[in-house]
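# Structural overview
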Amino acid sequence: MFFIACLEDTGTYFPSVKHCPGRYLQPCSDAVKRWLRSMKNSGKVLLLITSSHSDYCRLVCEHILGTDFEELFDIIITNALKPGFFSLVPQQRPFRTLVDDVEDSEGLPSLEKPGWYSQGNWPHLHELLKNMTNKSEPKVVYFGDSMRSDMFPACSFAKWETVMIVEEMEGEGVPRANATPCNSPTPGEGPVEKKGKFEGMKSPSAVSNQWGSYFVDVQKNEGEETQRLTWCCHSIHTYSTMAIPSIEAIADLPLDFKFQRFSSDKPVTTGYYPRPPDSLLKWEENLS
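So, here is what we can say about the structure in this document.

So, how was this worked out
Residues numbered from 1 in each chain as written. Predicted model: local features only at pLDDT ≥ 70, side-chain atom pairs only at ≥ 80, totals over all residues. Heavy atoms only, no water. Helix = DSSP H or I, 4+ residues; strand = E, 2+ residues; numbered from the N terminus. Buried < 20%, exposed > 50% of the residue type's maximum accessible area, 1.4 Å probe, protein only. Contact = heavy atoms within 4.5 Å. Areas by Shrake-Rupley, 256 points an atom, 1.4 Å probe, with all protein chains shown as cover. Pairing = 2+ DSSP bridges. Axes fitted to C-alpha atoms, helices over the stretch in contact; angles between N-to-C directions. Left-handed = near helix turned anticlockwise from the far one by under 90°. Nonpolar A, V, L, I, M, F, W, Y, C, P; charged D, E, K, R; others polar.

### Focus: the overall build of the protein chain
- Secondary structure summary: the protein chain contains nine helices and 11 strands in total.
- In the protein chain, which comprises 288 residues, the share counted as buried stands at 43%.
- Once local pairs closer than 6 in sequence are excluded, the contacts in the protein chain between residues at least 24 apart make up 63%.
- In the form shown here, the protein chain has an accessible surface area of approximately 16,500 Å², with 51% of it arising from carbon and sulfur atoms.

### Digging into helix 4 (residues 54–64)
- Taken across its 11 residues, helix 4 has nine buried, putting it largely inside the fold.
- Ser54, Asp55, Tyr56, Cys57, Leu59, Val60, Cys61, His63 and Ile64 are the residues of helix 4 that are buried.
- Looking one or two residues past helix 4, glycine 66 carries a phi angle of roughly 110°, positive in sign.

### Topic: the sheet that holds strand 6 (residues 115–119)
- Strands sit in the order 1-2-6-3 across an open sheet of four strands; the sheet is mixed. Of all strands in the sheet, those bounded by a partner on one side alone are strand 1 (47–49) and strand 3 (95–96).
- Helix 4 rests against strand 1, strand 2 (75–78) and strand 6 of the sheet, and its axis sits at about 130° to strand 6.
- Of the strands in this sheet, strand 1, strand 2 and strand 3 are in contact with helix 6 (residues 122–133), which crosses strand 2 at around 175°.

### Remarks on the environment of lysine 282
- Inspection of the secondary structure assignment puts lysine 282 in helix 9 (residues 278–287).
- The exposure class assigned to lysine 282 is exposed, which follows from its relative accessible area of 54%.
- Remark: the alpha-carbon pair of lysine 282 and glutamine 227, spanning 55 residues in sequence, is separated by 9.9 Å.

### Focus: the packing of helix 7 (residues 147–156) against helix 8 (residues 231–239)
- Taken N-terminus to C-terminus, the directions of helix 7 and helix 8 make an angle of 35°; their axes are 10 Å apart at the nearest point. Two packed elements cross with a definite hand, and for helix 7 against helix 8 that hand is left-handed. Every residue of helix 8 that contacts helix 7 at Met147, Met151, Phe152, Cys155 and Ser156 is listed here: Trp231, Ser235, Ile236, Thr238 and Tyr239.
- By residue class, the composition of the contact of helix 7 with helix 8 is seven nonpolar, three polar and no charged.

### What about unusual backbone geometry?
- Put simply, valine 89 and proline 90 share a cis peptide bond, and its omega is 10°.
- Along the polypeptide, proline 90 turns up in the loop between helix 5 (84–87) and strand 3.
- For the bond running from tyrosine 273 to proline 274, omega is 10°, close enough to zero to count as cis.
- Of note, proline 274 is situated in the loop between strand 11 (242–244) and helix 9.
- The phi dihedral of asparagine 79 falls on the positive side, at around 50°, and the residue is not glycine.
- Mapped onto the elements, asparagine 79 comes out in the loop between strand 2 and helix 5.

Next up, the structure:
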């Protein structure tokens, strides 16, 4: 388990990350931190929901957001065990309090106040959000990068608005946000990663030479070429409200900025910000 591995320094990965987090983690930009603070200052309730255990979550967040990261969020939920956090209803897991990163053996019958919790379920969280916002049906916008753990369950069970972070967009012509790290490197950790990180090598978001585009599948048969939307692309349009390549892509926008959303009665290119990936633009062009 993450908790045991990180707390006891077992294995290879967790001790390495704890010893030199700057080698594995890139700090968020000042723009992202301003974005989070501006939402909280405007009265929004901010949530952090992760399936990582509390000690690993703290390690990561302190490095990428700063040691004061807890001030950015009203509610932090670790070891959420997604997608079960959304889907295990009515057999949902109760929320548990934490003492020194150890879960209380007794589950909470309900969630009464903001704070840091472990495990839990969205119906109890929903009740707390109703109390905190004084709204019978509070609207939630949920950002995530996993179809299985984030988009599908949050959309299907909680009926939340969902924004999928799809870094593959950057491999298809969507400009990379200018994410200037906010932290200076900690002594002994080496330099903060620079924009030239992938110079001389293929970017992780680049189109695969073997599998092709993440969004459009191209099949050739006897000289004829057929293009179809991939399962991933169909899923994004079905279970996400919109898609972005990174949080940095929207961090400098005003909070009341109006985005276009995916819709079955609109072109498939609608819903991507700041613009659709190249393969979808070409696919739509071939249809016309």
